[in-house]
Amino acid sequence: MRIDLHTHTLASDGLMDAATLVAEAGSRGVGLLAVSDHDTTAGVDEAVAAGKKAGVEVWPAVELSCDVDAGEAHVLGYFVDHRRNWLQVLLGRLREGRADRAARMVGRLTALGVPVTYERVATLAAGGAIGRLHVARALVEAGHVRHTAEAFDRFIGHGGPAYAERVKLTPVQAIEIIRASGGLAVLAHPGWGTGDEMIRDLVEAGLDGLEIYYPDHSPSQVEQYRGLAERLGLLMTGGTDFHGGSMATRVPVGSQYVPESIVAPMREAAARRHPQATPPALELLAR
Ligand SMILES: [Zn+2]
Ligand SMILES: [Zn+2]
């Protein structure tokens, strides 16, 4: 059985709706799939329902984008109770922050002489959580860059001339949100540059696991993070970060090796975790 615990749909910046993603995963032999859109759980119910028909087990998940000194860190939340009203209010505020940020990046790109319109970016987001990948796709469409990676390299990557900051969420806050909603907090793709020291700090803040098996991780990184997870007593996960087509990691759904041995510890940890009675005290919720 293939396992893919990191995928995106049209609800954020993927190219497939949830039902199409599940069908595609099923046709590639995936028996266990997690739908982990950025700052939204809008694709989860559709994916779970499609999974029941297709014989694919679907885990609810979300991927929260956080700012750290070195750039960005992403925290995956597995088994979050997405019916909690406060969680939806909070995710809604994060998405509003994304829309504001996309508008500021559009302004900067226009000033740099590589104009795209906010309307086009929003259309590419198709009503889902707007992200930099949508801005990148608009830049490709307008002929300013050849592919989305070039858009990040030249304009909208962290520190780039059109880069704009988003509503700030720290990884510690993301962990707090995920745990409060009954989920397991897993640091996504640590190979993006989260140092081991920061990982240790996040473990103190309640981090439950590390994403080990990931297309951009070299074999030596996989070994390094497996060793770290073992030493720190962390869960291990993995997935493709599939967005569809040639976007992001550019590999087909289910194509990343993820051992079945990681599944039972995840299930056991999830069974022990319960949503908290009260939402976390965060400024984003207090407004
Ligand atoms: Zn990510
Ligand atoms: Zn992702």
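The structure under discussion appears in the preceding block.
Presented here is a report on the structure given in the accompanying data block. (Residues numbered from 1 in each chain as written. Chains lettered and ligands numbered in written order. Predicted model: local features only at pLDDT ≥ 70, side-chain atom pairs only at ≥ 80, totals over all residues. Heavy atoms only, no water.)

### Side note on the coordination of the zinc ion (ligand 1)
The protein atoms donating to the zinc ion (ligand 1) are Glu 63 (OE), His 74 (ND1) and His 189 (NE2), with metal-donor distances spanning 2.1 Å. The distance between the zinc ion (ligand 1) and the zinc ion (ligand 2) comes to 3.5 Å, with Glu 63 serving as a donor to both metals. Placement of Glu 63 in strand β3 (residues 57–68) and of His 189 in the loop between β5 (184–187) and α8 (196–204) is noted, with a sequence separation of 126 residues between them. Taken as a pair, Glu 63 and His 189 share a single burial class, namely buried. (Donors = N, O, S within 2.8 Å, 3.2 Å for Na, K, Ca; no water. Helix = DSSP H or I, 4+ residues; strand = E, 2+ residues; numbered from the N terminus. Buried < 20%, exposed > 50% of the residue type's maximum accessible area, 1.4 Å probe, protein only.)

### Topic: empty space enclosed by the protein
Tallied over the full model, the rule gives one cavity of 30 Å³ or more. Here the largest cavity defines a volume of roughly 30 Å³. For the largest cavity, the full set of lining residues is Arg 98, Arg 101, Ala 102, Met 105, Ile 130, Gly 131 and Arg 132. Counting residues per element, the lining of the largest cavity draws most heavily on helix α3 (residues 85–111), which supplies four residues. Of the residues belonging to the lining of the largest cavity, the class tally is three nonpolar, one polar and three charged. (1 Å grid on protein atoms, 1.4 Å probe; cavity = no way out; pocket = protein on both sides within 12 Å on 5 of 7 lines; lining within 4 Å. Points joined across faces, edges and corners; volume = space filled by probe spheres on them. Nonpolar A, V, L, I, M, F, W, Y, C, P; charged D, E, K, R; others polar.)

### Regarding the layout of surface pockets
Of the volumes computed, that of the largest pocket is approximately 890 Å³. As for the largest pocket, its lining consists of 37 residues, of which Glu 72, His 74, Arg 132, Phe 152 and Trp 192 are closest to the centre. No other element matches β3, which puts four residues into the lining of the largest pocket. Residues belonging to the lining of the largest pocket are distributed by class as follows: nine nonpolar, 16 polar and 12 charged.

### Focus on helix α4 (residues 118–125)
Along α4, the positions that sit buried rather than exposed are Val 121, Leu 124 and Ala 125. In an axial view of α4, the angular spread of the buried residues amounts to 105°, which keeps them on one side of the axis. The inward-facing, buried residues of α4 abut α3 and α5 (132–141). Looking at the residues trailing α4, positive phi occurs at Ala 126, about 50°. (Arc of directions from axis to C-beta. Contact = heavy atoms within 4.5 Å.)

### Looking at the sheet that holds strand β4 (residues 71–78)
Within a beta sheet, neighbouring strands are joined by backbone hydrogen bonds and run either parallel or antiparallel to one another. Here we have seven strands laid out as an open sheet, ordered β1-β2-β3-β4-β5-β6-β7, and mixed in their pairing. Looking at which strands have only one partner, the edges of the open sheet turn out to be β1 (2–4) and β7 (235–238). On average, each strand axis in the sheet is inclined to that of its neighbour by 30°, with strand direction left out of account. Looking at chain direction, strand β6 (residues 209–213) and β7 are connected through four bridges and run parallel. The partner of Tyr 213 across the bridge, within β7, is Gly 238. (Pairing = 2+ DSSP bridges. Axes fitted to C-alpha atoms, helices over the stretch in contact; angles between N-to-C directions.)

### Quick look at the coordination of the zinc ion (ligand 2)
Looking at the zinc ion (ligand 2), one finds its protein donor set to be His 6 (NE2), His 8 (NE2), Glu 63 (OE) and Asp 241 (OD), positioned 2.1 to 2.2 Å from the metal centre. Taken together, the four donor atoms coordinating the zinc ion (ligand 2) and their angles of 81 to 173° define a geometry best described as irregular. Sequence spacing among the residues donating to the zinc ion (ligand 2) works out to H-x1-H-x54-E-x177-D. (Tetrahedral: all angles 85-135°; square planar, octahedral: opposite > 155°, others 65-115°.)

### Things to note about the side chain of Arg 132
Mapped onto the elements, Arg 132 comes out in helix α5. Residues contacting Arg 132, with those up to four places away along its chain left out, are Glu 72, Arg 101, Met 105, Phe 152, Ile 156, Gly 157, His 158 and Tyr 163.

### A few points about the environment of Asp 37
Here Asp 37 shows up in the loop between β2 (30–35) and α2 (44–54). Since its relative accessible area comes to 1%, Asp 37 is described here as buried. Each C-alpha atom, one on Asp 37 and one on Trp 59, is 12 Å from the other, the two residues being 22 residues apart in sequence. For Asp 37, the side chain forms a polar contact with the main-chain nitrogen of Thr 9, separated by 2.7 Å. (Polar contact = N/O pair within 3.5 Å; in protein donor to acceptor, adjacent residues only side chain to side chain.)

### Considerations on the pattern of salt bridges
Applying the stated criterion to the full structure yields 16 salt bridges. A salt bridge links Arg 132 to Glu 72; the nearest nitrogen and oxygen atoms lie 2.5 Å apart. You can see Arg 132 sitting in helix α5 and its partner Glu 72 sitting in strand β4, a full 60 residues away along the chain. Per residue, the accessibility class of Arg 132 equals that of Glu 72, and both read buried. The structure contains a network of salt bridges with shared partners spanning Asp 67, Glu 72, Arg 101, Arg 132 and Arg 166. (Salt bridge = Lys/Arg side-chain N within 4 Å of Asp/Glu carboxyl O.)

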